[in-house]
Amino acid sequence: MSTLEEIEPIQDQNSKYQTPKTQICAQNRLKSRISLVFPENIKFDEKVDEEEQYLFEDHDWELNNYEVSQESIKKDEMDRFRTNWSWFQFFEFFFYHIVFFIFLGPLMVPFFLMKPGLTLMRNMQFWGMSQGLYLQTFIWFGSMLGGVGYFVFENSIVTFTEVLFLWYALSIRSAVIAAKYATFTSDKILLYKKVLLDDKNFQFDLMMNDWKDQSKRILFLEQYRSIKRKQFEVTQYKFDFIAPPHPKTVQGIRDVEIEYYQDMNIILENSSQFNGFQIFGFLVNKFKTTNDSNIVFKLALVEAFLFSITPIMLKIPQLISDNISYIDTIRTVVNFCISCIAFCGSYIFFHLGFYDFNRKFYLNDQCLYMIQSTNRKFTYRKAIPTLNFNNLETLQAWSMIRSMSFDYGEQFNQRTQGFFSLVFLGFIFLMFVALLLILDMASFNLFQSILLGELAILLVSFTIYYLYLAAKLNSYFQDYEIQLQELKSVYLDILRMTDTYFIQNKEPINYIHKKFIQLLKTQCQGNLKQVEDIINSVVKEIDDNLRLLEIDKRNNPFKLYGVPITFNLLKSAGVGISTVFSYALQQRFMGK
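Residues numbered from 1 in each chain as written. Predicted model: local features only at pLDDT ≥ 70, side-chain atom pairs only at ≥ 80, totals over all residues. Heavy atoms only, no water.

## What to know about the packing of helix H18 (residues 410-438) against helix H19 (residues 446-496)
Thinking step 1. The contact between H18 and H19 brings their axes to 9 Å, and the two run at 130 degrees. On the basis of the axis angle, H18 is oblique to H19. Considering how the two elements wind past one another, H18 and H19 form a crossing that is left-handed. For the pair H18 and H19, contact is made by Thr416, Gln417, Phe420, Val423, Phe424, Phe427, Leu430, Met431 and Val433 and by Leu452, Leu455, Ala456, Leu459, Val460, Phe462, Thr463, Tyr466 and Leu467, respectively.
Thinking step 2. Tallied by class, residues from the contact of H18 with H19 come to 15 nonpolar, three polar and no charged. (Axes fitted to C-alpha atoms, helices over the stretch in contact; angles between N-to-C directions. Helix = DSSP H or I, 4+ residues; strand = E, 2+ residues; numbered from the N terminus. Parallel < 35°, antiparallel > 145°, perpendicular 65-115°, else oblique. Left-handed = near helix turned anticlockwise from the far one by under 90°. Contact = heavy atoms within 4.5 Å. Nonpolar A, V, L, I, M, F, W, Y, C, P; charged D, E, K, R; others polar.)

Given below as structure tokens:
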């Protein structure tokens, strides 16, 4: 504990040359000096709260082993609000899964008993009795039979190209899994290495469980983490509407369960206003009911099936011949099954990222509807009434929900963003291969060309669509700025024509002007000074929202490799790629 010690005033030798006023000021400055005196025998605890660490000198903060326990999981979920991506953790766990899927399977465990240890092996479901271990062992067995078997069995109809594609499928599946661990804090990684987690806690960290289904637990945690990231005040998170919500809307808002908030001692005041946590939960649930997340699995399954069945379709004449062995038949079927499982797990990741983008678009559309002062339509239908802007708390709450709609689920978004960074490298590689083919500097047989072409179509389509969605998300910054400026102009117009509207009682033609004036008349009872004060306060709050919007636009846009993705950037990139390929085609034909 520190003690406060006040420094006594020191007599200045030149005080006789100072005026009484300057002497008093000097003494006041000396009196205001406060020093922090720490006892010499103080015990320094290395485990300092994460929020306080920036106050200290740089230090390798460690989590003591005795503090890692099942009880710390709940605290970790609450405190993991700062999102990060660790390439070291990504490649560490990518290595573990590559070794398991392609080379050793459960046989790898004895080699890793010392480091990282048996507990991590069991938490990754590489050891122990669990459904995850059975599935992953089956994948490994198929990889050995279909892949390594190529080098064991002679005169096989399974080509090396198929083996490479099988290993590619297992590699991207490993990358998807490693992306999860790359977003964990060092404390969470230590938790996985030191404590055997039950299946419930393991499943919670998977994207295809609580996050896909948007469980009550996720809905609370992601809002709470977003508020902590932005350092918002929870007590200001409530809304007042300019028009009463429909009874079904009110019921939908009230139906959002708040048990997790009560468990964390977050007080949600009962008032005539609507709580922001329930408003946001209502919007997320509304999107979920109109956009089935199960379509993600169906699309991924169809794509994985088509991609995995192609090699079999191309070898039908060989498969129906009498010379094929039972071993080749089994290996062909196993290759299909393992490829389908691996590709499906990866393509789900793609589509879940697209689904998350569309959820963000829905939430941001609703935020735009909340502040609309003109009858504009956006992609999705309006699900919530326009806000009462005369209530300053409502404008502050809108700033919170606007920011939250943009980075909702940041931890899971980091996974897809990191994974797509690797996919983008694959996209560049395929562009390079295409150039080599155009310039006749590389060649493939028909079998290889079809498989590579199928892969190119899929990856290029995914990459282009992902970049388009990223640019669309960043375009909301401009939409917000336009809406706020329009809203500000309405209030400035009312302020400029106060005498006309409040003394002469003339009504404007614009409905939103008319509605705001009616509210101001009811609220101020003809007190023009109060009207001007309210309008000036609202305009100031709008300016604050514009300032925060500009900060987010500058510091928190959606980026890839640190570059904000915009439509102008995509247009420039498209023109550049088209120019390069046009030149390559020209050289090819001129060469002929």
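From this point on, the discussion continues.
## Let's talk about the side chain of Glu162
Thinking step 1. The residue Glu162 is located in helix H6 (residues 160-182) in this model.
Thinking step 2. Overall, Glu162 belongs to the buried group, its relative accessible area being 8%.
Thinking step 3. What Glu162 contacts, discounting residues up to four positions off in sequence, is Ile157, Pro311, Lys315, Asn335 and Phe447. (Buried < 20%, exposed > 50% of the residue type's maximum accessible area, 1.4 Å probe, protein only.)

## A word on helix H4 (residues 113-123)
Thinking step 1. Within the sequence span of H4, burial applies to Pro116, Gly117, Leu120, Met121 and Asn123.
Thinking step 2. Phi turns positive, to about 60 degrees, at Gln125, one or two residues after H4.

## Some remarks on the environment of Ile242
Thinking step 1. As for its placement among the helices and strands, Ile242 is situated in the loop between strand E3 (238-239) and helix H11 (247-254).
Thinking step 2. A residue is classified by how much of its surface remains accessible, and Ile242, at 14% relative accessible area, is buried.
Thinking step 3. Residues Ile242 and Phe516, 274 residues apart in the sequence, show an inter-C-alpha distance of 8.8 Å.
Thinking step 4. Excluding residues that lie within four positions of it along the chain, Ile242 makes contacts with Thr386, Leu387, Asn388, Lys515, Phe516 and Leu519.

## Things to note about a positive patch on the surface
Thinking step 1. A contiguous patch of positive charge, built from Lys248, Lys286, Lys377, Arg381 and Lys382, is present on the exposed surface.
Thinking step 2. Summarising the element assignment, Lys248 is placed in helix H11. (Patch = residues over 30% accessible without salt bridge, like charges linked within 9 Å, V, L, I, M, F, W, Y side chains within 5 Å. Areas by Shrake-Rupley, 256 points an atom, 1.4 Å probe, with all protein chains shown as cover. Salt bridge = Lys/Arg side-chain N within 4 Å of Asp/Glu carboxyl O. Lys, Arg positive; Asp, Glu negative; His and termini not counted. Charge placed at Lys NZ, Arg CZ, Asp CG, Glu CD.)

## Description of helix H3 (residues 87-104)
Thinking step 1. With 18 residues, H3 extends 24 Å between its outermost C-alpha atoms, agreeing within 8% with the 26 Å of an ideal straight helix rising 1.5 Å per residue.
Thinking step 2. Once H3 ends, the next one or two residues include Gly105, with phi positive near 60 degrees. (Expected span 1.5 Å × (residues − 1).)

## Some points on unusual backbone geometry
Thinking step 1. Note the cis peptide between Lys115 and Pro116, where omega equals 5 degrees.
Thinking step 2. At Gln214, a position not held by glycine, the phi torsion is positive, near 50 degrees.

## Concerning the confidence of the model for the protein
Thinking step 1. Summarising the model, the protein shows a mean pLDDT of 80, and 82% of its residues fall at 70 or more.
Thinking step 2. Looking across the protein, the model is least confident in strand E1 (residues 3-6), with a mean pLDDT of 38, and most confident in H3, with 92.
Thinking step 3. Contacts from residues 28-46, a stretch scored under 50 in pLDDT, to residues over four places away or in other chains number 30 contacts.
Thinking step 4. In the model, residues 59-68 has pLDDT below 50 throughout and makes 21 contacts with residues more than four positions away in sequence or in other chains. (pLDDT = per-residue confidence, 0-100.)

## Describing the pattern of salt bridges
Thinking step 1. Across all of its chains, the model carries 12 salt bridges by this definition.
Thinking step 2. The closest approach of N and O atoms between Arg225 and Glu222, which form a salt bridge, is 2.8 Å. Remark: Glu222 and Arg225 occur in helix H10 (residues 216-230); sequence separation between them is three residues, near one turn of the helix.
Thinking step 3. Arg359 is paired through a salt bridge with Asp356; the nearest N and O atoms lie 2.9 Å apart. Here Arg359 and its partner Asp356 are both found in helix H16 (residues 326-370), three residues apart, which amounts to about one turn of the helix.
Thinking step 4. Look at Asp356 and you get buried, because its relative accessible area is 3%.

## Side note on the state of the cysteines
Thinking step 1. A complete count under the given rule lists zero disulfides for this structure.
Thinking step 2. Free of any disulfide, Cys337 has its nearest cysteine sulfur in Cys340, 7.6 Å distant.
Thinking step 3. A relative accessible area of 30% means that Cys337 is categorised as partly exposed.
Thinking step 4. Not part of a disulfide, Cys344 finds its nearest cysteine sulfur in Cys340, a span of 6.2 Å.
Thinking step 5. Taking relative accessible area as the criterion, Cys344 reaches 8% and is therefore assigned buried. (Disulfide = S-S within 2.5 Å.)

## Quick word on the nonpolar core
Thinking step 1. Judged by nonpolar contacts, the single largest core of 146 residues is most densely connected at Tyr237, Phe239, Ile279 and Trp398.
Thinking step 2. Leaving out residues up to four positions away in the same chain, Ile279 has contacts with Phe239, Phe241, Ile253, Phe274, Met370, Ile384 and Ile401.
Thinking step 3. Residues Phe427, Met431, Ile438 and Val460 belong to the second largest nonpolar core, which totals six residues. (Core = buried A, V, L, I, M, F, W, Y, C linked by side-chain atoms within 4.5 Å.)

## Here we look at the packing of aromatic side chains
Thinking step 1. Here the structure, examined in full by the defined rule, presents 57 aromatic pairs.
Thinking step 2. When the ring of Tyr181 is compared with that of Tyr192, the centres are 5.6 Å apart and the planes differ by 85 degrees; the resulting orientation is edge-to-face. In this pair, Tyr181 is assigned in helix H6 and Tyr192 in helix H7 (residues 186-194), connecting sequence segments 11 residues apart. This pair shows no difference in class: Tyr181 is buried, exactly as Tyr192 is.
Thinking step 3. Plain terms: the ring middles of Phe343 and Tyr347 are 5.5 Å apart, the flat faces sit at 20 degrees to each other, and that makes the pair stacked. Separated by four residues within a single helix, Phe343 and Tyr347 lie in helix H16, roughly one turn from each other. The pair Phe343 / Tyr347 is uniform in exposure class, with both members buried.
Thinking step 4. Over the ring of Phe184 we find Lys188, and its NZ or CZ is 5.7 Å from the ring centre. (Phe/Tyr/Trp six-rings, centres within 6.5 Å; stacked < 30°, edge-to-face > 60°. Lys NZ or Arg CZ within 6 Å of the ring centre and 35° of its normal.)

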